[in-house]
Amino acid sequence: MPLELIKEVSGVPEVEPLSKLQQVRFRSLQAGCDYSKKYIRGKLSDISSLTYDGNRAATLEVELQEQENSNSEINTINLSIFGKLAKDCAKVFYKGDTIAVAGFIVLLSSSSPSRDGEHCLVLKAFEDLQSTVYVYVKSVTGFSTHSVCLVPKSRYLYTPLNELKAGMVVNVYGVVKFFKPPYLSKGTDYCSVVTIVDPTNEKLTCLLFSGNYDAHPMIYNNGDIVRFHRLKIQIYKNETQGINSSGFASLTFEGTVKAPITPRTSSKCFNFTAEDRKMVETLRTWASTNVKPSSTLVKLRDVQPVQYFDLTCQLLGKAEVDGASFLLKVWDGTRTPFPSWRVLIEDLVCHGELRELERLQDLTADILVYDNHVQLAKALKVGSFLRIYSLHCKLQPTENQAASLVLEFHLHGGTSYGRGIRVLPEDNSDVDQLKKDLESANLTANQCSEDTHVSDYEDSFPPSPESVSLYEVERCQQLSATILTDHQYLKNSQLCTILNQKAPQQYRIRAKLRSYEPRRLFQSVKLHCPQCHSLQEVPHEGDLEIILQKGETKSPDTKLQNTLLYDSKVWTTKYQGGRKVAVHFVRNHGSLPLSNDCLILIEGGTLSEIQKLANNFHSVIPVKSGHKDLEVLDLSAPFLIQGKIHHYGCKQCSSLKSIQNLNSVVDKTSWIPSSVAEALGIVPLRHIFLMTFTFDDGTGVLEAYLMDSGEFFHIPASEILTSDNLQQNLDTIMDMFCPPGAKIDSYPWLECFIKSYNVANGTEQQICYQIFDTTVADDLN
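Every value quoted in this text rests on a predicted model; they were computed, and no experiment measured them.

## Brief notes about the overall build of the protein
Alright, step 1. Helix and strand counts for the protein stand at 12 helices and 42 strands.
Alright, step 2. A burial count over the protein gives 48% of its 781 residues as buried.
Alright, step 3. Partitioning the contacts of the protein with sequence separation of at least 6, the portion at a separation of at least 24 is 64%.
Alright, step 4. As displayed, the protein offers around 39500 Å² of accessible surface, 49% of which is attributable to carbon and sulfur atoms.

What follows is the structure in C-alpha cells.
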C-alpha cells in the first residue's frame, strides 16, 4: 500500500512494518544513491497546500524534522510527494505527525542553496517509484469502546447540498429519500444507489461502487440519516451526482426522533463528535415533517393481492430451484390472509432444520427470488433476519382447482423501485420487535405440533390446492428483460400459433432469445433511407480516405471565396506537393460566431484534418468548387460531420442544392442535421441496428428482424461505431439476453411485439416478422 496508517498505543506502534528496512539519518543522505530498501523518519514541521500542474497532476510539499538528531545541523529536509499518493497524504497529514518514507529518491535542489553555498537535498516520492508513506497515529476513542479511530480527531467541514459543484470532493450529511440495496453490477463490484435531501431542499443521487458488499452504506429505510466523507461530485445527464472517491467512508443512523444515535458502519475507523450528534438530531427533527417515511413495510397477515411491499422476516430454509430462481422460506410470526403457495421441493436440496420447517409450515411463506438476486440469496445464512424490498404478492388460481386461490410471493429480477434483499443486524430496532413476535408465535406453534414427525415432512408438499409445480414457477417467473411501449391490449400468442397464420398481423410474444445475427455487433449498424427504404453499409475510414482524395485533386476556386455567407482562409501544405486546403467559416447574421457554434466548409482536406476540425468546431461540411458556387463533395462521404458523428445522404433520393442555400437555415448556431439536409436538398440516411433474433418459447422457433435507430437498446446507432463504452453496453445487453455458455433454461424471458408481412421471393410469397414498439428494460442499461 502506498499509504499506511500505524496505530500507536501509549507511544508504541502496534505493528512495525519497517523492521526489515534500514533507517537512514538525514545527514547521511546523498543524491543518486539507491534508497529503495531504506527509509527515513521525522516529524511534519510544515505542510503546503496541494498544487496541480497543467496536466492536473497533484504535488504536496512538506518539511520533515528529524527527532533523533534534533541538535544536528542537518535536521530538516524537504519532501515532495506526487500524484495520487499526494492526494491521499493531504487528507491525513497534520502538523506534528510522525511519518516515515520508504522507497524515495534524493536530488539536489537547484533553487534552494544552503547557507554555505552548497545545494540542499530534496526527497521525492510517488507510486510509480513504489514509494510508501507511513503515518504514525495515536489511538483515540471514537463512538464506543468497540469503535476505535485510527486518524487524529479533526473538525470535518460539511457542504450543504445546494452548494455542490462538479469536481468537488466533499463531506455531506443527508436524509435518505430513496435507495437501492447493494446489488452485483455488470462488473465485479457491488453497486448501491441512494438519493439524499437536506434542509436546503436540494437532492443528490449517489452511485456507489465497492467490491466489498459490507462497505456500502447500511441503509434500511427511507428517512435514515447518512454521513458521507470524500464524496466526489460530477454532472451526469445534466444532473448533479455523487460517486465514491478514494477514501470514501459512510455512517448511517436511524431517522426516528429520540431513537438511540448508533452509527451503522463496517469500518472500525471513524470519528463521531458532539457536533455529529447534534447534526443527526437536527436532521431527524427536520425530516420528521419534510421527508415521507417508508410506508411499504407490511406484515404477512396484512398483505393484499397485487401488492408490492417490504417485508421484515427471518430465514428458515432455502433451496435452489433452477439456474434463474431460488427459494427462500421465511416467517414473521403472522399468518397470511389466504393460503400461501408451496413450491415443490421433493427433488431439491433444502437447507434448514427440517423439524422447524415442519413445525412452522402454517406460518411460513415461500418466496421465489430471480435473476440478479439469486447470488445474494444463496449466500444468506439460515436464521438471519432479512428486509426484502419490493416483494410482489399476487393471488393466483391453483393449477388443479380453478376455484381455489393461493398467495404467491416473487422477488423479481432487476433493481427498479429499490428491489433487493438486505441482512439486518440483530441490534436493529425492527429486529427487536420481530423477535418478540416470533417468540409469541413460537409458543402457539409448539402447542399445535406435539405429534408431528420429521419423516412426515420429508415427503411433504405433495400436489394440493396450495402447491405449484416448477412449470408454474417458470410461467410466472421474473419480469421480462424487455418492455412493451404500446398495444397493451394484445394477449400473448404462442409461436407455434403464429407460424401457422397468414400475414399481415400483429402479435405479442413471450419467448427466449435462442440466437442472434450478426455475432459481431458492430456489423449490425447500417444506413437506411426512409424514402426509398434502401440499405447500405457505413463507409469505412479507408473508403472515406479515397473519396476525400478525389476532392484534393482540384484546387479551390478563388472566385468562390469570401462571400456574404462565409469568410475564407487558404493554406498550402508542406511535403505534399503544395496541396491547397481552403476553410470557409460560415457567418451568423454577418459576423463570425465562436468556434463551438461555427459551421465550417472545407475543400481539399484529408480525413484526419477534417476530424481535427470537427473536434474544434460545431460542424464541418466537406465541399468542392463548382462552376458557380461551392457544392457538397460527394454523398458517398458524410454531408455533415459533428464531432465523431457522420451524417450521410441518399444518392437516389437527394437533389443537391447550392451551398448558398445555407442562408435559409434560421438557427445558425445549433446546425440541426435535418435543417442542413433540407437546405442542401439532401434526404438524410438514418443509422440503424439491423439484426435477426431467433425466438424460442417452447412451442416453436421463429426468426424476427430488429430494425432500430436506438429506441430498442437506448443506444444511438449513429454513435456506437465511435464509442467503446456504447459498444460495451450493447455487448452486455446481448450477453444478458443470450448468455454465452449457459443453457437456454437460464436465459431471461423477452416480451416483444412482432408484426408479420409478405415479401416476394421470386415467384413465391414469404412471410417475415419484425420487432416493433419494444424496448430494453431500464435495469439492463
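## Notes on the side chain of Arg508
Alright, step 1. Checked against the element boundaries, Arg508 lands in strand S28 (residues 505-517).
Alright, step 2. Reaching out from Arg508, the side chain makes a polar contact with the side chain of Asn492 at a distance of 3.5 Å.

## Describing a positive patch on the surface
Alright, step 1. A contiguous patch of positive charge, built from Arg56, Lys87, Lys91 and Lys232, is present on the exposed surface.
Alright, step 2. Along the chain, the position of Lys232 falls in strand S16 (residues 225-236).
Alright, step 3. Residue Lys232 is classed as partly exposed on the basis of its relative accessible area of 37%.

## Here we look at the packing of aromatic side chains
Alright, step 1. Going through the model one piece at a time under the given rule, you end up with 15 aromatic pairs.
Alright, step 2. Centre to centre, the rings of Phe82 and Phe126 are 6.0 Å apart; their planes meet at 70 degrees, and the pair counts as edge-to-face. Placement of the pair is Phe82 in strand S7 (residues 76-82) and Phe126 in the loop between strand S9 (119-125) and strand S10 (132-138), with a sequence separation of 44 residues.
Alright, step 3. With a centroid separation of 5.4 Å and 55 degrees between ring planes, the pair formed by Phe228 and Phe248 is classed as tilted.

## Thoughts on helix H12 (residues 724-737)
Alright, step 1. Across its 14 residues, H12 extends 20 Å between first and last C-alpha, which sits within 8% of the 20 Å expected from 1.5 Å per residue.
Alright, step 2. Those residues of H12 that sit buried are Leu726, Leu730, Ile733, Met734 and Phe737. Seen along its axis, H12 keeps its buried residues to an arc of 95 degrees; they face one direction. In H12, those exposed residues whose orientation departs by more than 90 degrees from the buried face are Asp724, Asn725 and Gln728.
Alright, step 3. Close packing links the buried residues of H12 with strand S27 (482-484), S28, strand S38 (686-696), strand S40 (750-761) and strand S42 (774-776).

## Quick look at the sheet that holds S16
Alright, step 1. Strand order in the closed barrel formed by 5 strands is S13-S14-S15-S17-S16, and the pairing between neighbours is mixed. Here the strands of the sheet are splayed against their neighbours by 50 degrees on average, with no regard to which way each runs.
Alright, step 2. Inspection of the sheet shows S16 paired to strand S17 (residues 239-253) by 11 bridges, in the antiparallel sense. Bridge assignment links Leu231 to a residue of S17, and that residue is Asn244.

## A few points about the pattern of salt bridges
Alright, step 1. Evaluation of the coordinates by the stated rule reveals 14 salt bridges.
Alright, step 2. Across the pair Arg514 and Asp696 runs a salt bridge, and its minimum N-O distance is 2.4 Å. A residue pair is termed long-range when its members are at least 10 positions apart, and Arg514 in strand S28 and Asp696 in strand S38 qualify at 182 residues.

## Remarks on the pairing of strand S4 (residues 35-47)
Alright, step 1. Note that strand S3 (residues 22-23) and S4 share 2 bridges and pair parallel. In the strand pairing of S4, Gln22 is matched with Lys38.
Alright, step 2. Alignment of S4 against strand S6 (residues 58-65), held across 4 bridges, turns out to be antiparallel. Across the sheet, Lys43 pairs through a bridge with Gln65, a residue of S6.

## Some details on unusual backbone geometry
Alright, step 1. Residues Ala503 and Pro504 are joined by a peptide bond in cis, for which omega reads 0 degrees.
Alright, step 2. Look at the link from Glu517 to Pro518: it is a cis peptide, with omega at -5 degrees.
Alright, step 3. Relative to the helices and strands, Pro518 resides in the loop between S28 and strand S29 (525-528).
Alright, step 4. You will see that Asn562, though not glycine, has its phi angle at about 55 degrees, which is positive.
Alright, step 5. Of note, the phi angle at Asp773 is positive, near 45 degrees, even though the residue is not glycine.
Alright, step 6. Within the secondary structure, Asp773 is located in the loop between strand S41 (764-772) and S42.

## Focus: the confidence of the model for the protein
Alright, step 1. Looking at the protein as a whole, the pLDDT averages 82, with 87% of positions reaching at least 70.
Alright, step 2. Low confidence marks residues 112-119, where pLDDT is under 50. Its contacts with residues over four positions away, or in another chain, come to 8 contacts.
Alright, step 3. Considering only residues more than four positions removed or in separate chains, one finds that residues 140-153, a stretch of pLDDT under 50, has 40 contacts.

## Some remarks on empty space enclosed by the protein
Alright, step 1. Evaluation of the coordinates by the stated rule reveals 5 cavities of 30 Å³ or more.
Alright, step 2. Estimates place the volume of the largest cavity at around 100 Å³.
Alright, step 3. Looking at the lining of the largest cavity, the elements with two or more residues in it are strand S13 (169-184), helix H4 (374-379) and strand S25 (420-424).
Alright, step 4. Examining the composition of the lining of the largest cavity, we find that 3 residues originate from one element, S13, more than from any other.
Alright, step 5. Residues of the lining of the largest cavity, tallied by class, amount to 7 nonpolar, 4 polar and no charged.

## Let's talk about helix H10 (residues 607-616)
Given 3.6 residues per turn, any residue in an α-helix points the same way as the ones three and four places further on.
Alright, step 1. Every buried residue of H10 is listed here: Leu607, Ile610 and Ala614. Looking straight down H10, one finds that the buried residues subtend no more than 65 degrees of arc, so they occupy a single side. The exposed residues of H10 that point more than 90 degrees off its buried face are Lys612 and Asn615.

## Side note on the pairing of S38
Alright, step 1. Where burial is concerned, most of S38 is hidden: 9 out of the 11 residues are buried.
Alright, step 2. In the sheet, S28 pairs with S38 via 5 bridges, with the strands oriented antiparallel. Within the sheet, the bridge partner assigned to Lys512 lies in S38 and is Asp696.
Alright, step 3. Of the pairings in the sheet, the one linking S29 to S38 comprises 4 bridges and is antiparallel in character. Bridge pairing in S38 links His528 to Arg686.
Alright, step 4. In the sheet, S38 pairs with strand S39 (residues 701-708) via 8 bridges, with the strands oriented antiparallel. Directly across from Met691, in S39, lies its bridge partner Leu706.
Alright, step 5. Count of turn residues in the S38/S39 antiparallel hairpin: 4 residues, of which Gly698 carries a positive phi of about 90 degrees.

## Focus on the environment of Ala86
Alright, step 1. Along the polypeptide, Ala86 turns up in helix H1 (residues 83-92).
Alright, step 2. When the C-alpha positions of Ala86 and Glu61 are compared, they lie 8.8 Å apart, and in sequence the two are 25 residues distant.
Alright, step 3. Residues contacting Ala86, with those up to four places away along its chain left out, are Leu50, Ala58, Thr59, Leu60 and Ile81.

## Remarks on the environment of Phe104
Alright, step 1. As for its placement among the helices and strands, Phe104 is situated in strand S8 (residues 98-113).
Alright, step 2. Judged by its relative accessible area of 2%, Phe104 falls in the buried class.
Alright, step 3. Note: C-alpha distance between Phe104 and Thr132 (28 residues apart in sequence) is 8.3 Å.
Alright, step 4. Beyond its immediate chain neighbours, meaning those up to four positions away, Phe104 contacts Leu29, Tyr35, Lys38, Tyr39, Ile40, Leu123, Lys124, Leu129 and Ser131.

Reading guide: rules and limits
- Residues numbered from 1 in each chain as written.
- Predicted model: local features only at pLDDT ≥ 70, side-chain atom pairs only at ≥ 80, totals over all residues.
- Heavy atoms only, no water.
- Helix = DSSP H or I, 4+ residues; strand = E, 2+ residues; numbered from the N terminus.
- Buried < 20%, exposed > 50% of the residue type's maximum accessible area, 1.4 Å probe, protein only.
- Contact = heavy atoms within 4.5 Å.
- Areas by Shrake-Rupley, 256 points an atom, 1.4 Å probe, with all protein chains shown as cover.
- Polar contact = N/O pair within 3.5 Å; in protein donor to acceptor, adjacent residues only side chain to side chain.
- Patch = residues over 30% accessible without salt bridge, like charges linked within 9 Å, V, L, I, M, F, W, Y side chains within 5 Å.
- Salt bridge = Lys/Arg side-chain N within 4 Å of Asp/Glu carboxyl O.
- Lys, Arg positive; Asp, Glu negative; His and termini not counted.
- Charge placed at Lys NZ, Arg CZ, Asp CG, Glu CD.
- Phe/Tyr/Trp six-rings, centres within 6.5 Å; stacked < 30°, edge-to-face > 60°.
- Expected span 1.5 Å × (residues − 1).
- Arc of directions from axis to C-beta.
- Pairing = 2+ DSSP bridges.
- Axes fitted to C-alpha atoms, helices over the stretch in contact; angles between N-to-C directions.
- pLDDT = per-residue confidence, 0-100.
- 1 Å grid on protein atoms, 1.4 Å probe; cavity = no way out; pocket = protein on both sides within 12 Å on 5 of 7 lines; lining within 4 Å.
- Points joined across faces, edges and corners; volume = space filled by probe spheres on them.
- Nonpolar A, V, L, I, M, F, W, Y, C, P; charged D, E, K, R; others polar.

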